Amino acid sequence: MIEHIVLFKWQESASPEAIATAIAALQNLKGKIPAIVDLSCGENFSDRARGYTHGLTVRFRDRAGLEAYQPHPLHHDIVQNLIKPIVAEVLAVDYEF
């Protein structure tokens, strides 16, 4: 199994509505991209996040699933149109277990 973890730090000018739209779009990917085994996304409540306010975790059966997810048109559209315009920093980690 592959775990794909992404943390988001938004631009100060990002509106709560724009952030909510991006997060909802990510949440809606589950069931729409065949390679996704499980997906969760939400707002941080920890005081240890160093400014990262939202996280995404996507699980795949194998590396091929992750490789298919990255360029998938639905994922690409969300990244380009909803995330990139408002994101300040992204931290991603992928690991196999």
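Residues numbered from 1 in each chain as written. Predicted model: local features only at pLDDT ≥ 70, side-chain atom pairs only at ≥ 80, totals over all residues. Heavy atoms only, no water.

A look at the overall build of the protein chain
Along the backbone of the protein chain there are three helices and four strands. Over its C-alpha atoms the protein chain spans a radius of gyration of 13 Å, differing by no more than 12% from the 13 Å that the globule rule assigns to 97 residues. Viewed in the frame of its principal axes, the protein chain has a C-alpha envelope of about 35 × 30 × 15 Å. Evaluated residue by residue, the protein chain yields a buried proportion of 34% over its 97 residues. Sequence-distant contacts in the protein chain: of pairs separated by 6 or more residues, those separated by 24 or more amount to 73%. With the model as given, the accessible surface of the protein chain reaches about 6000 Å², and the carbon-plus-sulfur share is 53%. (Helix = DSSP H or I, 4+ residues; strand = E, 2+ residues; numbered from the N terminus. Rg over C-alpha atoms; globule rule 2.2 N^0.38 Å. Buried < 20%, exposed > 50% of the residue type's maximum accessible area, 1.4 Å probe, protein only. Contact = heavy atoms within 4.5 Å. Areas by Shrake-Rupley, 256 points an atom, 1.4 Å probe, with all protein chains shown as cover.)

Regarding the side chain of His4
Mapping His4 onto the fold places it in strand S1 (residues 2-10). Here Asp94 takes part through its side chain, which lies 2.4 Å from a polar atom of the side chain of His4. In this view, His4 contacts Leu56, Thr57, Val58, Phe60, Leu66, Tyr69, Gln70, Val93 and Asp94; residues no more than four positions away in its chain are not counted. (Polar contact = N/O pair within 3.5 Å; in protein donor to acceptor, adjacent residues only side chain to side chain.)

As for the sheet that holds S1
The strand order S2-S3-S1-S4 describes an open sheet built from four strands, whose pairing is antiparallel. Both edges of this open sheet fall to strand S2 (36-43) and strand S4 (87-96), since each of them pairs with a single strand only. Taken over all neighbouring pairs, the strand axes of this sheet differ in orientation by 10 degrees on average, direction set aside. Here seven bridges tie S1 to strand S3 (residues 54-60), and the two strands are oriented antiparallel to one another. Across the sheet, the residue bridging to Val6 is Leu56, located in S3. On top of the sheet, helix H1 (residues 16-27) reaches S1, S2 and S3; it is set at about 160 degrees to S2, its chief contact. (Pairing = 2+ DSSP bridges. Axes fitted to C-alpha atoms, helices over the stretch in contact; angles between N-to-C directions.)

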